[in-house]
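Analysis of the macromolecular model
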2 protein chains.
Amino acid sequence: MERVAVIGSSMTQFGQRDGWILDLLAEAGLACLDDAGVDAADVDHLYVSNMASGEFEGQTGIMNALAQDIDATPAYTQRIDQTSSSGGAGIYAAWQSIASGASDMTLLVGGEKMTHRTTGESTDVIASLTHPVEYKQGVTLPSFAGLTARHYLERFDAPRESLAKVAVKNHANGVHNPHAQFQKEVDLETVLESPIVADPLRLYDFCPITDGSAALMLCPESVAQEYTDDYVVISGIDGATDTHVVHEREDPTIMGGVVESGERAYEMSGRDPDDIDVAELHDMFTILEFLQMEGLGFAEHGEAWKLVEEGETERDGELPINTSGGLKSKGHPLGASGVAQGVEIYEQLMGEAGDRQVEAEVGLCCNVGGFGNCVITTIMEAAQ
Amino acid sequence: MERVAVIGSSMTQFGQRDGWILDLLAEAGLACLDDAGVDAADVDHLYVSNMASGEFEGQTGIMNALAQDIDATPAYTQRIDQTSSSGGAGIYAAWQSIASGASDMTLLVGGEKMTHRTTGESTDVIASLTHPVEYKQGVTLPSFAGLTARHYLERFDAPRESLAKVAVKNHANGVHNPHAQFQKEVDLETVLESPIVADPLRLYDFCPITDGSAALMLCPESVAQEYTDDYVVISGIDGATDTHVVHEREDPTIMGGVVESGERAYEMSGRDPDDIDVAELHDMFTILEFLQMEGLGFAEHGEAWKLVEEGETERDGELPINTSGGLKSKGHPLGASGVAQGVEIYEQLMGEAGDRQVEAEVGLCCNVGGFGNCVITTIMEAAQ
């Protein structure tokens with residue numbers, strides 16, 4: 001089967017933005033067409049990753065509106081929702097559209113507009129993705145994160161500082177990302193003394209609420225070669241669920257969806273964890289970066305914190321993680337985040353990552369829906 | 001490329017149902033597993049077609065909840081939204097999952113729970129799929145239908161009764177569908193004297209608001225043959241958008257998305273309109289059945305009404321349309337409708353349609369999002 005290529009990317013400024021969701025999607029969509037050198041008329045499928053424009057703005061049908069806005073009509077459109085991993089699910093859907101032969105050119109645009117709502121309203125929308133048996137008791141995603149973090153730290157004798165160092169590292173990376181919501185460093189003391197949200201986790205252990213959009217252009221490799229000599233291929237991609245009711249999992253420090261989707265993506269690509277040069281992990285909460293590092297085989301179970309302590313996941317370390325700044329500093333517009341992970345890996349593999357550039361031939365993204373309720377892992381490689 | 005097969009189907013009772021969306025999805029999902037003889041553990045991808053569970057019930061993440069409810073974890077899940085054509089988009093997504101090799105067994109479940117909300121609340125949610133430039137002026141979907149119907153009748157000198165006869169026919173079919181919301185005939189006089197909704201269209205020109213769910217099981221043909229000798233293949237499928245702002249279309253009686261998606265589906269399957277033995281069209285409003293008949297080549301432009309007048313689209317006619325009862329009498333639970341169209345065609349081709357059975361080797365579904373904003377056309381054939 002022909003390989004699926006990525007030939008263009010874009011992302012808007014992340015943060016607090018004016019306008020509505022369509023402005024953000026159109027901005028990223030048009031920039032991606034421009035980056036790829038593709039005419040809108042040549043787009044066969046236009047996929048929009050978005051969790052909740054209906055709840056956030058009372059507007060649905062945004063994929064059809066976008067088609068007209070960027071002049072892509074009569075392209076086929078679809079909205080992809082996989083909660084906070086809608087972006088990763090969008091990459092998987094776009095991959096399927098190309099690999100199946102349904103489309104020869106798929107533009108994927110992920111986006112969310114959230115900051116016009118209060119933090120309470122936004123977190124209520126997000127909480128609706130969990131099972132009522134849990135959220136009616138108040139056990140929302142930040143609560144799971146706090147409980148898991150406490151368990152992890154005690155069970156594996158990990159210092160509280162190791163979690164804070166994830167935030168410090170990702171903020172240090174975000175300084176070099178002109179699209180990041182927070183382009184400023186934070187020190188260990190600031191993280192450790194920030195207000196408690198879900199003990200032991202504090203404000204700086206959490207990603208912010210964000211507006212933003214990101215886009216990728218996918219096509220068969222043979223089509224890619226008509227446009228450019230330099231492109232990236234998706235060599236492995238898969239997704240998997242874990243129990244939707246989080247408290248029914250056997251071990252709260254193991255995310256089954258991470259493990260399963262990672263194993264399948266490695267198998268499909270013929271790669272193993274040692275081959276990965278750079279990774280974007282879903283650091284909605286600092287503790288999640290540990291769980292993904294372990295689930296994806298970058299560290300033994302219970303030992304991710306040691307790699308962080310040793311600086312191995314920093315930009316000059318053995319395996320740079322979240323060079324983009326991660327959700328923590330770049331921001332987390334739900335439907336955009338998984339696409340933006342893909343944008344960062346694409347730019348790293350293309351040598352277009354500016355001051356964040358690391359040496360990388362093979363990269364990985366892991367996009368987590370809910371508290372690992374569904375996870376998509378994608379492996380990308382510079383074309384040879 | 002190997003053909004994509006359908007090996008099982010199910011649908012719940014459509015109408016006013018107790019419980020919440022998950023009950024409906026699980027009921028159809030489990031029944032489809034049973035019908036196909038497939039273990040939940042063998043499902044690779046579980047796709048849920050649903051437009052607005054967040055808006056209708058304040059619940060998102062339903063695809064992940066369903067995976068656990070039917071014991072399909074760790075199957076990969078995704079929610080597919082293409083407004084009122086979410087079901088057709090789900091068939092297309094499921095087709096892509098199989099044709100791309102990403103999945104060897106995809107369970108597609110479409111559903112919507114609406115009747116617990118008032119009619120005003122439900123139509124507000126549906127209206128959110130149109131462009132604000134139109135819906136802020138009150139030009140919602142029923143208004144478009146009324147305006148288009150008036151124009152059609154005057155321009156093509158068609159009698160008002162021809163529209164009413166669509167409702168009469170579809171209700172006559174629904175009598176024989178045990179899952180239909182309305183299993184009762186209506187006569188011409190009842191339709192013509194029902195209350196005006198959007199002149200010249202009256203209450204019986206419109207589909208009802210409905211709770212319900214439907215499901216299909218898709219796999220590669222080689223896998224299908226491990227389960228059964230009798231199955232159906234999807235020989236053609238594609239989707240296309242028209243302008244999202246409806247008043248910008250050149251001719252209100254031509255739905256570009258119907259024409260485009262139909263042409264591509266015919267080309268893919270090597271079929272033409274004459275080959276179609278039975279069709280499910282999206283009769284959300286009676287006028288839409290005319291527009292789809294013409295857009296799909298079953299009638300010349302402006303002449304669909306003549307076929308209806310001549311009874312050619314009745315069960316014993318040349319081309320039976322909406323043998324299921326259509327959206328008009330079976331009901332229209334948004335995310336379920338396109339899947340339920342597929343269920344009807346599957347059952348007709350399998351000879352499992354009971355009192356509704358017609359002679360058919362090749363069938364077609366046309367699922368319309370919004371007012372033709374995006375349309376998916378699917379051609380299915382009995383396996384040979």
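The notes below deal with the structure included here. (Residues numbered from 1 in each chain as written. Chains lettered and ligands numbered in written order. Predicted model: local features only at pLDDT ≥ 70, side-chain atom pairs only at ≥ 80, totals over all residues. Heavy atoms only, no water.)

Placing chain A over chain B gives an RMSD of 0.0 Å and needs a rotation angle of 180°, together with 0.0 Å of translation along the axis. What the superposition gives is, in effect, a two-fold axis relating one chain to the other. Residue Ser-100 of chain A of chain A places its C-alpha closer to the rotation axis than any other residue of that unit, at 1.9 Å. In this assembly the copies share their binding face: 100% of the residues contributing to the interface of chain A also contribute to that of chain B. (Least-squares fit on C-alpha atoms with pLDDT ≥ 70 in both. Contact = heavy atoms within 4.5 Å.)

Turning our eyes to something else, we now look at the interface of chain A and chain B. Listed as interface residues are 56 residues of chain A and, on the opposing side, 56 residues of chain B. Taking both sides of the interface into account, the surface hidden between chain A and chain B amounts to around 4,200 Å²; carbon and sulfur atoms contribute 46%. If you sort the residues of chain A by the area they bury against chain B, Gln-68, Tyr-76 and Thr-241 of chain A come out on top, with a joint share of 15%. Scanning the region where chain A abuts chain B turns up two salt bridges. Among the ionic pairs, Asp-81 of chain B bridges to Arg-79 of chain A, the shortest N-O distance being 2.6 Å. Linking chain A to chain B there are 32 residue pairs in polar contact (both at pLDDT 80 or more). Considering every element that reaches the side of chain A that touches chain B, the biggest residue donor is helix α4 (residues 86-99) of chain A, with seven residues. (Buried area = accessible area lost by both parts, 1.4 Å probe. Salt bridge = Lys/Arg side-chain N within 4 Å of Asp/Glu carboxyl O. Polar contact = N/O pair within 3.5 Å; in protein donor to acceptor, adjacent residues only side chain to side chain. Helix = DSSP H or I, 4+ residues; strand = E, 2+ residues; numbered from the N terminus.)

If you look at soluble globular proteins, the nonpolar side chains tend to sit buried side by side. Core analysis: the biggest nonpolar cluster contains 76 residues, and Trp-95, Leu-218 and Ile-234 of chain A together with Trp-95, Leu-218 and Ile-234 of chain B have the highest contact counts within it. If near-sequence neighbours (up to four positions away) are discounted, Leu-218 of chain A is found in contact with Val-4, Ala-5, Val-6, Ile-91, Ala-94, Trp-95, Ile-98, Asp-104, Met-105, Thr-106 and Ile-234 of chain A. (Core = buried A, V, L, I, M, F, W, Y, C linked by side-chain atoms within 4.5 Å. Buried < 20%, exposed > 50% of the residue type's maximum accessible area, 1.4 Å probe, protein only.)

For Gln-96 of chain B, the position within the fold is in helix α4 (residues 86-99). Among residues more than four places away in sequence, those in contact with Gln-96 of chain B are His-45, Tyr-47, Ala-93, Gln-96, Ser-97, Ser-100 and Ala-102 of chain A.

As a further point, take the packing of aromatic side chains. Each aromatic ring pair is specified by the distance between its two centres and by the angle formed by the two planes. Applying the stated criterion to the full structure yields 14 aromatic pairs over all chains. Pairing Tyr-76 of chain A with Tyr-92 of chain B gives two aromatic rings, centres 4.9 Å apart and planes at 65°, and the pair type is edge-to-face. Taken together, the residues span two chains, with Tyr-76 of chain A in strand β3 (residues 76-81) and Tyr-92 of chain B in helix α4. Both residues of the pair, Tyr-76 of chain A and Tyr-92 of chain B, count as buried. Considering the side-chain rings of Phe-206 of chain A and Phe-285 of chain A, the 5.3 Å spacing of their centres and the 75° angle between planes classify their relative orientation as edge-to-face. (Phe/Tyr/Trp six-rings, centres within 6.5 Å; stacked < 30°, edge-to-face > 60°.)

The next subject is the pattern of salt bridges. All names here are of chain B. Applying the stated criterion across every chain yields a total of 38 salt bridges over all chains. As a salt-bridge pair, Asp-251 and Arg-155 come within 2.9 Å of each other at their nearest N and O atoms. Residue Asp-251 is found in the loop between β8 (232-241) and α11 (256-269), and its partner Arg-155 is found in helix α7 (residues 141-155); the two are separated by 96 residues along the sequence. For Asp-251, a relative accessible area of 16% corresponds to the buried category. Across the pair Lys-330 and Glu-280 runs a salt bridge whose closest N-O atoms are separated by 3.7 Å. In this pair, Lys-330 sits in helix α14 (residues 326-330) while Glu-280 sits in strand β9 (residues 278-280), placing the two residues 50 residues apart along the sequence.

Of note, the bond from Thr-73 of chain A into Pro-74 of chain A is cis; its omega dihedral lies within 30 degrees of zero at 10°. Topologically, Pro-74 of chain A is positioned in the loop between α3 (62-69) and β3. A positive phi angle, near 55°, is found at Asp-157 of chain B, a position not held by glycine. Note on placement: Asp-157 of chain B falls in the loop between α7 and α8 (160-174). Its identity is not glycine, yet Asn-322 of chain B carries a phi of approximately 60°, on the positive side. One can find Asn-322 of chain B in the loop between α13 (304-309) and α14. A relative accessible area of 0% places Asn-322 of chain B in the buried class.

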